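Chain residues, written in single-letter form:
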Amino acid sequence: MRRNMKFADVIVDIATEKVDRTFTYRVPEEFEGCIGVGSRVRVPFGFREKEGYVLSLKEDPEYDPGKIKEIIAPLEPYPVLLPSLIEAAREIREQTKCPLCEALRLMIPPQMRAGKVKIKTEKCFQLSFPVEEMETWLEKVKRSPRKKLILTALGDGAPHPVSEIRPLAGNWREAVQALENCGAIRSFEREVLRRPVAYGQAPAVQDPPLTPEQQEAVDEMVPALAGRRTDKVFLLHGVTGSGKTEVFIRLVRECVSSGKQALILVPEIVLTPQMISWFSSRFGDDMAVLHSRLTPGERFDEWRRIRSGQARIVIGARSAVFAPAGKLGLVIVDEEHESTYISDHYPQYDARAVARSRILREGGILVLASATPSIYSYAMARRGDYVLVEMPSRVFGRPLPEILLADMREELRRGNRGIFSKILEEELTKCVRDGNQAMLFINRRGYAPFISCRKCGEAIKCGRCDVSMTYHATDRKLHCHYCGSVREMPETCPSCSSPYIKAVGIGTQKVEEEVRRRFPGIGVLRMDVDTTSGRNAHAEILSRFRSGEAQILIGTQMIAKGLDFPSVTLVGAVLADMSLNLPDYRSPERTYQLIVQVAGRAGRGNEKGRVVIQTYKPEHYAIAQAVRQDYRAFFNEEFRRRKQDLYPPFTQMDRILVEGKEASRVFERAQRHRDEILKYLKGREEEKLVLFVRTDAAPIQRIQDRWRAHTVLKMVDSPKCAPLIAFIAQMLREEADADAADGMTAAFEINPLSLA
Ligand code: ADP
Ligand code: ZN
Ligand code: ZN
């Protein structure tokens, strides 16, 4: 005889307390039908009521049933979390050592948790009689023109929302009431889904025939997608403009036609409108979008459309990897090399890793696509863990853009102190004259990144952070890009009172000023954090540029990625080696990617593109290989160096970052971390695998008035180091309360994106 599952193991959703285990509750009989694994429930906890997630059900509890409390109620009438997403949360806990409830929170729209979003409804009206009887009814109400209007409006027999009835007549309320009273119509509340985008409005487009190279790529992946082959992860390495999107579209078509759901991840919200318009012109209304700029209501509704299977295609940024697609068949990660796929806040998951484990568990394939794959992914492909699919040429034999180097040291020697080299100036003039479009890339916002004193050499620093302040021409003030504080531009040097202070360096605003000065009357747009704070600001700037309203678009890395503007013939990187100067082993990789990616924005239409890269370090291998656009040569060089210098993927680099108000205590704490780790390691197997444990002030010593010190560990990348990682996570958890009381935080960062 089958017995009912009367007890549930529940993870209680508590932010402050570190209760990382399940508690058993009794499932009340009345809810037995709707509480399952993955349900969110309200439970008594201590003296309070809390929300929680049901992780498993069981017939018998481990201890005295009499002491077990009851679930108060489910929060939704169905299990919200898919089993596969509970698994994903478990993996994130494993990797980041966060408590499970923190990982589970990633799996649902944030506002859903506190019950802050509601299902939206609207009032609707519908005829109560068969459409054929319309004549008779119109006859009955012939003396009221208002009623006739309303009945006619409802004449197709379908429900119509109040928003359509309201404009029909001034006194519509009364008329509707009367019609309802005499049984002609009825009203009811209908659920409406808030949609963030007008999908299905892009004009429908037929799939174009594929180029032979695209066809080959599709043919290589489809058998696995259809389950005829066992390959799971593909690395699609296609040069910029090779037509990867069209390949995505075919894969998605194959996937949805077999009744499965497909997930397409893009690295930036900026890129979603472009991807959406490509997909909606082919698939119409069949999709949902998930990213952080949606309103809570929109996000909740899109989420529900995916959960119910109504939306089969999901497009979104990083967090969309947690889309509740129950029938997942395909995940595409576009521009897979982008660091935005790693979450920048706790818990720091990597969307690519989550996608991979979802696919391995749920079936289907993962396609990682890029013109400049990450060293990690390419190494995996070379090792045979991923299947490498290559598209080495642009569509229709379009040439890759020609890349010209401008050596800025040479320019200085020739007396050019401006921000444009002679060659970039000439190319811009030609481009503008020919009526084409240009993009200028500079990875720094504001006008000038330093204000420095010519007498004492000091740069003006933020009062709360250990960073120099950036001058903004828009408000003529100094801004701190770390804490956001703003202050007046001083007239004299704050350290020596000399009046000789000046702005040094280049930011987007300065480039804009320079362009406007040299090309008066030419439309110019600027895209950076400062111009894109509005909800649709990104999309607006891009569509203005697309419409031809401006000939020159200036921007930070926001414009470097994936954008497709066929009439852009010139791309200029105003200062390409900025990313080389970061104290990070990944800076050559990032520099290479950035140059090839910005270059790839040029010449995507019928005209050949030209690219000017301005640099002070033309001989650096990352820049030299990028100019040749020879990914394999760059990879080989970079791989060799990492192996030689023992950097990831050969090793793993983690750090514990301590932040707090008092410098000495912060430092003390960081040193203690090192001591504890060394003590732990003594005589253990892991000792040989750890290359160093170093405590130091962080490169940025202070942010927002908080001092920073870190302990950096480098170890051989080996599962044998897992106990050490677990030890550190546990050590930090145990100290967390004491730290909090002291106003300190200690964060454990595994392979962090920045060691700053
Ligand atoms: P990638 O993402 O590889 O840089 P895109 O997918 O943006 O390249 O494609 C580059 C351009 O070529 C786009 O404008 C796209 O519409 C066009 N294109 C790609 N494939 C085809 C095709 N088979 N037929 C016609 N146009 C295509
Ligand atoms: Zn000075
Ligand atoms: Zn600051």
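Just so you know, these numbers come straight off a predicted model, no measurement behind them.

A short note on the overall build of the chain
Right, so step 1: Across its full length, the chain holds 22 helices and 30 strands.
Right, so step 2: At 30 Å, the chain has a C-alpha radius of gyration in line with the 27 Å of a compact globule built from 756 residues.
Right, so step 3: Oriented by its inertia axes, the alpha-carbon framework of the chain measures out at about 95 × 75 × 60 Å.
Right, so step 4: Per-residue burial for the chain yields a buried fraction of 52% across its 756 residues.
Right, so step 5: Here the contacts in the chain between residues at least 6 apart in sequence split such that 75% fall between residues at least 24 apart.

A short note on the layout of surface pockets
Right, so step 1: Space inside the second largest pocket adds up to approximately 630 Å³.
Right, so step 2: If you go around the second largest pocket, you meet 30 residues; those closest to its centre are Gly243, Thr245, Trp278, Asp564 and Arg604.
Right, so step 3: Within the residue set of the lining of the second largest pocket, elements represented by two or more residues are α9 (244-257) and α10 (272-283).
Right, so step 4: Here the element with the most residues in the lining of the second largest pocket is α10; it accounts for 4 residues.

A short note on the nonpolar core
Right, so step 1: Grouped together as the largest cluster of nonpolar side chains are 127 residues, with contacts concentrated most on Met221, Leu236, Val252, Phe279 and Leu330.
Right, so step 2: When residues of this core are assigned to their parent elements, the largest contribution, 7 residues, is made by α9.
Right, so step 3: When neighbours within four sequence positions are excluded, Leu330 is seen to be in contact with Leu225, Leu251, Val252, Cys255, Gln261, Ala262, Leu263, Ile365 and Val367.
Right, so step 4: In this structure, Leu404, Ile506, Val511 and Val574 belong to the second largest nonpolar core, which totals 23 residues.

Structural notes on the domain arrangement of the chain
Where interface size is quoted, it is often the accessible area lost as the parts come together.
Right, so step 1: Taken domain by domain, the chain comprises domain 1 (7-115), domain 2 (121-191), domain 3 (212-396), domain 4 (402-448 + 505-642) and domain 5 (651-750).
Right, so step 2: On a C-alpha basis, the centres of domain 2 and domain 3 stand 46 Å from each other.

Some thoughts on the sheet that holds strand β2 (residues 22-26)
Right, so step 1: Spatially, β2-β1-β4-β3-β5 is the arrangement adopted by the 5 strands of the open sheet, whose pairing is antiparallel. Across the chains shown, the open sheet's two edge strands, defined by having one partner strand only, are β2 and β5 (73-74).
Right, so step 2: In the sheet, strand β1 (residues 7-12) pairs with strand β4 (residues 48-58) via 6 bridges, with the strands oriented antiparallel. What sits directly across from Ile11, in β4, is Tyr53.

So, the site of ligand 1
Right, so step 1: For ligand 1, the set of nearby residues contains 19 residues, the closest of which are Gln214, Gly241, Thr245, Asp564 and Arg604.
Right, so step 2: Between Gln214 and ligand 1, the recorded distance is 2.8 Å, taken from a side-chain N or O atom to a nitrogen atom.
Right, so step 3: Surface burial for ligand 1 is 83%, taken as the share of its 560 Å² of free accessible area covered by protein chains.
Right, so step 4: Looking at which element gives the most residues to the shell around ligand 1, the answer is α9, with 3 residues.
Right, so step 5: Of the residues assigned to the shell around ligand 1, the class counts are 7 nonpolar, 7 polar and 5 charged.

Looking at the coordination of the zinc ion (ligand 3)
Right, so step 1: Binding of the zinc ion (ligand 3) to the protein goes through Cys462 (SG), Cys465 (SG), Cys480 (SG) and Cys483 (SG), at separations of 2.2 to 2.4 Å.
Right, so step 2: Coordination at the zinc ion (ligand 3) comes from 4 donor atoms whose angles at the metal span 107 to 112°, giving a geometry best classed as tetrahedral.
Right, so step 3: In primary sequence terms, the donor set of the zinc ion (ligand 3) follows C-x2-C-x14-C-x2-C. Of this pair, Cys462 sits in the loop between β18 (450-453) and β19 (470-472) while Cys480 sits in the loop between β20 (477-479) and β21 (486-488), and the two are 18 residues apart along the sequence. There is no split in this pair, since Cys462 and Cys480 are both buried.

Focus: the packing of aromatic side chains
Right, so step 1: Counting across every chain of the model gives 16 aromatic pairs.
Right, so step 2: Ring centres of Tyr592 and Phe634 lie 4.3 Å apart, and the angle between their planes is 10°; this geometry places the pair in the stacked category. With Tyr592 in helix α18 (residues 587-599) and Phe634 in helix α20 (residues 631-645), this pair connects stretches of sequence that are 42 residues apart. Take Tyr592 and Phe634: they sit in the same class, and that class is buried.
Right, so step 3: Pairwise contacts between aromatic rings join Tyr378, Tyr592, Tyr621, Tyr631, Phe634, Phe635, Phe639 and Phe650 into one cluster.

Focus: the coordination of the zinc ion (ligand 2)
Right, so step 1: Those protein atoms acting as donors to the zinc ion (ligand 2) are Cys453 (SG), Cys456 (SG), Cys493 (SG) and Cys496 (SG), and they sit at 2.2 to 2.4 Å.
Right, so step 2: In this structure, the zinc ion (ligand 2) is coordinated by 4 donor atoms arranged in tetrahedral fashion, with angles at the metal of 106 to 113°.
Right, so step 3: Spacing between the donor residues of the zinc ion (ligand 2) along the chain follows C-x2-C-x36-C-x2-C. Of this pair, Cys453 sits in strand β18 while Cys493 sits in the loop between β21 and β22 (501-504); the two residues are 40 residues apart in sequence, bridging distant segments of the chain.
Right, so step 4: You can call Cys453 buried: its relative accessible area is 4%.
Right, so step 5: By relative accessible area, Cys493 is classed as buried at 3%.

What counts as what
- Residues numbered from 1 in each chain as written.
- Chains lettered and ligands numbered in written order.
- Predicted model: local features only at pLDDT ≥ 70, side-chain atom pairs only at ≥ 80, totals over all residues.
- Heavy atoms only, no water.
- Helix = DSSP H or I, 4+ residues; strand = E, 2+ residues; numbered from the N terminus.
- Rg over C-alpha atoms; globule rule 2.2 N^0.38 Å.
- Buried < 20%, exposed > 50% of the residue type's maximum accessible area, 1.4 Å probe, protein only.
- Contact = heavy atoms within 4.5 Å.
- 1 Å grid on protein atoms, 1.4 Å probe; cavity = no way out; pocket = protein on both sides within 12 Å on 5 of 7 lines; lining within 4 Å.
- Points joined across faces, edges and corners; volume = space filled by probe spheres on them.
- Core = buried A, V, L, I, M, F, W, Y, C linked by side-chain atoms within 4.5 Å.
- Domains from an automatic or database assignment.
- Pairing = 2+ DSSP bridges.
- Near = heavy atom within 4 Å.
- Polar contact = N/O pair within 3.5 Å; in protein donor to acceptor, adjacent residues only side chain to side chain.
- Areas by Shrake-Rupley, 256 points an atom, 1.4 Å probe, with all protein chains shown as cover.
- Nonpolar A, V, L, I, M, F, W, Y, C, P; charged D, E, K, R; others polar.
- Donors = N, O, S within 2.8 Å, 3.2 Å for Na, K, Ca; no water.
- Tetrahedral: all angles 85-135°; square planar, octahedral: opposite > 155°, others 65-115°.
- Phe/Tyr/Trp six-rings, centres within 6.5 Å; stacked < 30°, edge-to-face > 60°.

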